[in-house]
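Geometric and topological summary
Here is how the chains run, residue by residue.
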Amino acid sequence: TIIKAYLKEKYNKPGNVYLGLVHRLDRPVGGVMVFAKTSKAASRLSEQVREKVFKKKYLVIVNGKFKEKKGTLKDYLLKNERLEGTKNSKYAELDYEVLKYDKEQNLSLLKIDLHTGRHHQIRVQLSSRDHSIYGDAKYNGRGSARQLYLWAYELTIQNVISKEEMTFTSIPEKEKAWKILEGIK
């Protein structure tokens, strides 16, 4: 509603304004989102999602300390569960890098490079390895259930007309658990 009102005013549009949601984030997740101003752009951007042209990177605060500084998580997921080798499951893959560990709080800040986009993928893959996302009550994370400390911080797409690669970034404010970002570049 806010974006539609902005477009209506900025472009002095009469009547209804088109706004297409190209991809979604879970309700308690913050960060970069992409909307389309035309149905043609929405269609082309949706095709980029299907063809895996979209590149999504996340910041996440999780419980515990990782043994490895970097790694790849590969699983077969059945909606909301980690199930390997199940007929109806879908392949899920992500790379992670530990950016910082806070010993006092026993929290790790990770950068996630998402290769597939399965339902609750990051949440399920991390919690199945005893690294639940801070604030994620659904998957056994400690902390406030009001905020999930998962942030879509970078999204790269192709411009639907020029085909130029475009990258958008957003960093969460350094408050509450996000204070762990201090000193990270």
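It should be emphasised that the depicted structure is a prediction, and the values quoted were computed from it without experimental measurement. (Residues numbered from 1 in each chain as written. Predicted model: local features only at pLDDT ≥ 70, side-chain atom pairs only at ≥ 80, totals over all residues. Heavy atoms only, no water.)

A word on the packing of aromatic side chains
For the structure shown, the criterion picks out 5 aromatic pairs. Aromatic pair F66 and Y96: ring centres 4.9 Å apart, planes at 45 degrees, arrangement tilted. Placement of F66 in the loop between β4 (55-63) and β5 (70-78) and of Y96 in strand β7 (residues 90-102) is noted, with a sequence separation of 30 residues between them. Of the two residues, F66 and Y96, neither departs from the other in class, the shared state being buried. The interplanar angle of 75 degrees and the centroid separation of 6.4 Å between the aromatic rings of W151 and W178 together place this pair among those described as edge-to-face. You can see W151 sitting in strand β9 (residues 150-158) and its partner W178 sitting in the segment after β10 (165-169), a full 27 residues away along the chain. When its relative accessible area of 18% is taken as the criterion, W151 is described as buried. (Phe/Tyr/Trp six-rings, centres within 6.5 Å; stacked < 30°, edge-to-face > 60°. Helix = DSSP H or I, 4+ residues; strand = E, 2+ residues; numbered from the N terminus. Buried < 20%, exposed > 50% of the residue type's maximum accessible area, 1.4 Å probe, protein only.)

Comments concerning empty space enclosed by the protein
According to the stated counting rule, one finds 1 cavity of 30 Å³ or more in the structure shown. The space that makes up the largest cavity amounts to roughly 30 Å³. As for the largest cavity, its lining consists of H23, V32, K56, Y58, A152, E154 and L155. At the level of secondary structure, the elements contributing two or more residues to the lining of the largest cavity comprise β4 and β9. It is β9 that contributes the most residues to the lining of the largest cavity, 3 residues altogether. Split into classes, the residues belonging to the lining of the largest cavity amount to 4 nonpolar, 1 polar and 2 charged. (1 Å grid on protein atoms, 1.4 Å probe; cavity = no way out; pocket = protein on both sides within 12 Å on 5 of 7 lines; lining within 4 Å. Points joined across faces, edges and corners; volume = space filled by probe spheres on them. Nonpolar A, V, L, I, M, F, W, Y, C, P; charged D, E, K, R; others polar.)

What about the side chain of H131?
Mapped onto the elements, H131 comes out in the loop between α3 (121-127) and β9. You can call H131 buried: its relative accessible area is 11%. With residues near it in sequence (within four places) discarded, H131 still touches V62, N63, G64, K65, F66 and L126. (Contact = heavy atoms within 4.5 Å.)

Considering a nonpolar patch on the surface
Taken together, I3, L21 and F35 make up a surface patch of nonpolar side chains, about 250 Å² in accessible area. Note on placement: L21 falls in strand β1 (residues 20-21). The class for L21 is exposed, based on a relative accessible area of 52%. (Patch = residues over 30% accessible without salt bridge, like charges linked within 9 Å, V, L, I, M, F, W, Y side chains within 5 Å. Areas by Shrake-Rupley, 256 points an atom, 1.4 Å probe, with all protein chains shown as cover. Salt bridge = Lys/Arg side-chain N within 4 Å of Asp/Glu carboxyl O.)

So, unusual backbone geometry
Its identity is not glycine, yet N12 carries a phi of approximately 50 degrees, on the positive side. With respect to the element layout, N12 can be found in the loop between α1 (2-10) and β1.

So, the pairing of β9
A regular strand places its side chains so that they alternate between the two faces of the sheet. With 7 of its 9 residues buried, β9 lies for the most part within the structure. When strand β2 (residues 30-31) meets β9, the two strands line up parallel, connected through 2 bridges. From the neighbouring strand, G30 faces β9, where its bridge partner is W151. Strand direction decides the pairing type here: β4 and β9, joined by 6 bridges, are antiparallel. Bridge assignment links K55 to a residue of β9, and that residue is T156. Two elements, β9 and β10, share 5 bridges in a ladder whose sense is antiparallel. Residue L155 lies in a different strand from β10, and its bridge partner there is F168. (Pairing = 2+ DSSP bridges.)

As for the layout of surface pockets
Empty space left among the atoms is revealed by rolling a probe the size of a water molecule over them. Reported here for the largest pocket is a volume of approximately 680 Å³. Along its surface, the largest pocket is lined by 24 residues, and K56, L114, T116, G117 and R118 are the ones closest to its centre. Those elements giving two or more residues to the lining of the largest pocket turn out to be β4, β8 (107-114) and α3. Classifying every residue of the lining of the largest pocket by side-chain character gives 9 nonpolar, 7 polar and 8 charged. Put simply, the second largest pocket is a space of about 270 Å³. As for the second largest pocket, its lining consists of 14 residues, and the residues nearest its centre are V34, F35, L45, I157 and M166. When contributions to the lining of the second largest pocket are tallied by element, the ones reaching two or more residues are β3 (35-36), α2 (39-50), β9 and β10. Here the lining of the second largest pocket is built from residues that sort into 10 nonpolar, 3 polar and 1 charged.

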